[in-house]
Amino acid sequence: MPALDGLRILDMTQYEAGTSCTQALAWMGAEVVKIEPPQFGDPGRGVRGAAGMDYSPYFCAWNANKKSLALNLRSEEGRDLLLKLVPKFDVFVENYGPGVIEKLDIDYDVLSEVHPGVIYARIKGFGTTGPYSGYRCMDMVAQAAAGAFSITGEADGPPMMPGPTTGDSGTGVQTAMAILAAYIQRQRTGKGQVIELSMQEAMAYYVRTRAFIGSRWGTQATPRSGNAGGLPPVNIYPCKPFGPNDYIYLMPVNNDHWDGLCTALDRPDLLVDPRFEDMGNRMANGAALYKEISDWCSERTKYEAMEAIAELGVPCSACLDTAELHHDKHLRSRGFVKDMEIPIHGEVPMLGFAPRMSESVVDITPPPRLGQHTDDVLRNELELTDENLNALRNSGAIGDATRFVADG
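Let me begin by describing the structure that accompanies this report. (Residues numbered from 1 in each chain as written. Predicted model: local features only at pLDDT ≥ 70, side-chain atom pairs only at ≥ 80, totals over all residues. Heavy atoms only, no water.)

1. Points about the overall build of the protein
Moving on, step 1. Helix and strand counts for the protein come out as 18 helices and eleven strands.
Moving on, step 2. On the principal axes, the C-alpha backbone points of the protein span a range of 85 × 50 × 40 Å.
Moving on, step 3. Residues counted as buried form 46% of the 408 residues belonging to the protein.
Moving on, step 4. In the protein, the proportion of contacts linking residues at least 24 apart, taken out of those at least 6 apart, comes to 68%. (Helix = DSSP H or I, 4+ residues; strand = E, 2+ residues; numbered from the N terminus. Buried < 20%, exposed > 50% of the residue type's maximum accessible area, 1.4 Å probe, protein only. Contact = heavy atoms within 4.5 Å.)

2. Quick notes on the state of the cysteines
Moving on, step 1. One pass over the structure, following the stated rule, counts zero disulfides.
Moving on, step 2. With no disulfide of its own, Cys 262 lies 13 Å from the sulfur of Cys 297, the closest cysteine sulfur.
Moving on, step 3. Note on Cys 316: no disulfide assigned, nearest cysteine sulfur contributed by Cys 297 at a separation of 7.3 Å. (Disulfide = S-S within 2.5 Å.)

3. A look at the sheet that holds strand 8 (residues 247-250)
Moving on, step 1. A sheet is described by the order of its strands in space; here three strands give the open sequence 7-8-9, paired in antiparallel fashion. A strand with exactly one partner marks an edge of an open sheet, and here the two such strands are strand 7 (235-238) and strand 9 (316-318). For this sheet the average axis-to-axis angle between neighbouring strands, irrespective of direction, equals 25 degrees.
Moving on, step 2. In terms of strand pairing, strand 8 meets strand 9 through three bridges, oriented antiparallel. (Pairing = 2+ DSSP bridges. Axes fitted to C-alpha atoms, helices over the stretch in contact; angles between N-to-C directions.)

4. Concerning the side chain of Glu 94
Moving on, step 1. Tracing the backbone shows Glu 94 in strand 4 (residues 91-94).
Moving on, step 2. At a separation of 2.9 Å, a polar atom in the side chain of Glu 94 contacts the side chain of Lys 124.
Moving on, step 3. Excluding residues that lie within four positions of it along the chain, Glu 94 makes contacts with Met 12, Thr 13, Ile 101, Tyr 120, Ala 121, Arg 122, Ile 123 and Lys 124. (Polar contact = N/O pair within 3.5 Å; in protein donor to acceptor, adjacent residues only side chain to side chain.)

5. Brief notes about the nonpolar core
Moving on, step 1. Leu 10, Leu 82, Phe 92, Ile 106 and Leu 378 are the most contacted members of the largest nonpolar core, which totals 31 residues.
Moving on, step 2. Mapped onto this core, the elements with two or more residues apiece are strand 1 (8-12), strand 2 (31-36), helix 3 (76-85), helix 4 (100-104), helix 5 (108-114), helix 17 (374-382) and helix 18 (386-395). (Core = buried A, V, L, I, M, F, W, Y, C linked by side-chain atoms within 4.5 Å.)

6. Some words on the environment of Ala 145
Moving on, step 1. Looking at the secondary structure, you find Ala 145 in helix 6 (residues 139-145).
Moving on, step 2. Judged by relative accessible area, which is 31%, Ala 145 ranks as partly exposed.
Moving on, step 3. Linking Ala 145 and Met 199, residues 54 residues apart in sequence, is a C-alpha distance of 9.1 Å.

7. A look at a nonpolar patch on the surface
Moving on, step 1. A cluster of nonpolar residues, Val 173, Tyr 205 and Tyr 206, forms a patch on the protein surface that exposes about 300 Å² of accessible area.
Moving on, step 2. Among the secondary structure elements, Tyr 206 is positioned in helix 8 (residues 199-206). (Patch = residues over 30% accessible without salt bridge, like charges linked within 9 Å, V, L, I, M, F, W, Y side chains within 5 Å. Areas by Shrake-Rupley, 256 points an atom, 1.4 Å probe, with all protein chains shown as cover. Salt bridge = Lys/Arg side-chain N within 4 Å of Asp/Glu carboxyl O.)

8. Observations regarding the layout of surface pockets
Moving on, step 1. Roughly 1,200 Å³ of volume is contained in the largest pocket.
Moving on, step 2. Lining of the largest pocket is provided by 30 residues; of these, Ala 61, Trp 62, Leu 325, His 326 and Leu 351 occupy positions nearest its centre.
Moving on, step 3. In terms of residue count, the dominant contributor to the lining of the largest pocket is helix 2 (residues 57-63) (five residues).
Moving on, step 4. Among the residues making up the lining of the largest pocket, the classes are represented as 20 nonpolar, ten polar and no charged.
Moving on, step 5. Roughly 390 Å³ of internal volume is contained in the second largest pocket.
Moving on, step 6. Looking at the second largest pocket, it is lined by 16 residues, and the ones nearest its centre are Lys 338, Phe 353, Pro 355, Arg 356 and Val 362.
Moving on, step 7. Grouping the constituent residues of the lining of the second largest pocket by class yields nine nonpolar, three polar and four charged. (1 Å grid on protein atoms, 1.4 Å probe; cavity = no way out; pocket = protein on both sides within 12 Å on 5 of 7 lines; lining within 4 Å. Points joined across faces, edges and corners; volume = space filled by probe spheres on them. Nonpolar A, V, L, I, M, F, W, Y, C, P; charged D, E, K, R; others polar.)

9. Quick notes on the sheet that holds strand 3 (residues 67-70)
Moving on, step 1. An order of 3-2-1-4-5-6 is seen for the six strands of this open sheet, with the pairing classed as parallel. At either margin of the open sheet sits one strand with a lone partner, and together these are strand 3 and strand 6 (193-198). Put simply, the sheet's adjacent strands are angled 20 degrees from each other on average, direction ignored.
Moving on, step 2. Where strand 1 meets strand 4, four bridges bridge the pair, whose relative direction is parallel. Bridged to Met 12 within strand 4 is Glu 94.
Moving on, step 3. Where helix 7 (residues 166-189) meets the sheet, it contacts strand 4, strand 5 (119-124) and strand 6, and its direction lies at approximately 160 degrees from that of strand 6.
Moving on, step 4. The sheet contacts of helix 8 involve strand 5 and strand 6, and relative to strand 6 the element is tilted by about 65 degrees.

10. Focus: the environment of Pro 244
Moving on, step 1. With respect to the helices, strands and loops of the structure, Pro 244 is situated in the loop between strand 7 and strand 8.
Moving on, step 2. Along the backbone, Pro 244 and Asp 321 are 77 residues apart, and their C-alpha atoms lie at a distance of 9.1 Å.

11. Things to note about helix 13 (residues 286-297)
Moving on, step 1. Helix length check: helix 13, at twelve residues, gives a terminal C-alpha distance of 16 Å against a target of 16 Å (1.5 Å per residue), a fit within 8%.
Moving on, step 2. Listed in full, the buried residues belonging to helix 13 are Gly 286, Leu 289, Ile 293, Ser 294, Trp 296 and Cys 297. Angularly, the buried residues of helix 13 cover 160 degrees about the axis, an arc narrow enough to put them on a single face. Residues of helix 13 that are exposed and angled more than 90 degrees away from the buried face: Ala 287 and Lys 291.
Moving on, step 3. Considering only its buried residues, helix 13 is in contact with strand 7, strand 8, helix 10 (255-264), helix 12 (279-284) and helix 14 (302-310). (Expected span 1.5 Å × (residues − 1). Arc of directions from axis to C-beta.)

12. Some details on the packing of helix 3 against helix 17
Moving on, step 1. Where helix 3 contacts helix 17, the axes come no closer than 11 Å and their chain directions differ by 55 degrees. Classified by the angle between their axes, helix 3 and helix 17 sit oblique to one another. Helix-helix and strand crossings are classified by hand; for helix 3 and helix 17 the assignment is left-handed. Taking contact as the criterion, the partners of Leu 81, Lys 84 and Leu 85 in helix 3 are, on helix 17, Val 377, Leu 378, Glu 381 and Leu 382.
Moving on, step 2. Residue classes in the contact of helix 3 with helix 17 are distributed as five nonpolar, no polar and two charged. (Parallel < 35°, antiparallel > 145°, perpendicular 65-115°, else oblique. Left-handed = near helix turned anticlockwise from the far one by under 90°.)

If you want it as structure tokens, here you go:
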């Protein structure tokens, strides 16, 4: 059985910080019902002018394995439906901007009145208290506020935006972990609780290595070092045919790695070269060492270089671009990339979820169209009839679940 079979989640999230949380739980078997405004839904649906404005690749990335319930919470009838649904679910998750949930009058105090055991998770940019609590936040704002920009970039250049969206998805995974802890605690105590995550604080978790190593307990700023993420020869090296991502990243950090690297390069002379005989000399002659390795890499593709070096026990990888990630032979051999037929886009490669559990298997299901499961959820959970559903639809309390039937 799926590990989280029976865990039921009302997902009132948008964009990525909240949606990554609920999808992580769905990947492990939780039932997730996504609550969306009927007209446009999660704004992530229309990112970058996606076809149909409701099913962007961005949305698909974070919303597989969920159902969609189009509910107008600004209407009295829509809000009443939500309050009737809450007791049938274990968890409520939201990541709306400051004050939105309070305006809708669906904060923890309200939901816990109808379901005392509810686990109510909130993701906010800067939390709900403190001088910045009213500030709006997005992924890179959280990363800037947590120090990630300050440690990214060249030593003589400005702070730089990191590539991964860990301000959002990293916060989401931490929220999912907290929800599971609260769920286990409720099984022992019977009590629900509020979970709050600040994106700034969650992101600070991912920079703590650099913060603790380089800042001397907050007395100085950790410097930027570009791609030289350690002592020479740690760096990136260009490979043929010298495209924008034709590089390897090499990270030998001890003498065994150094010995293996020299063997891979078929350069035993480097082992006895006085310029490189120990770490101190390799630091003093870093530019010369970089040239030796770069000259070797320039005669090979990044895959050829990676395999020759990594097979001798040296930490090394080709710098895969995001297109290559979808087709990487290693990821495909492990089943991490799965080809799936989905509406609008056709057959596409979908990236999977890293945790693998020997006793829990959950198949990936397509991300939902806006409001696709509205009628089914309300029939099953609240025993509403077709007449009830049509009346709610006509009043604007719920969305139209029938408009996407033709394309799934």
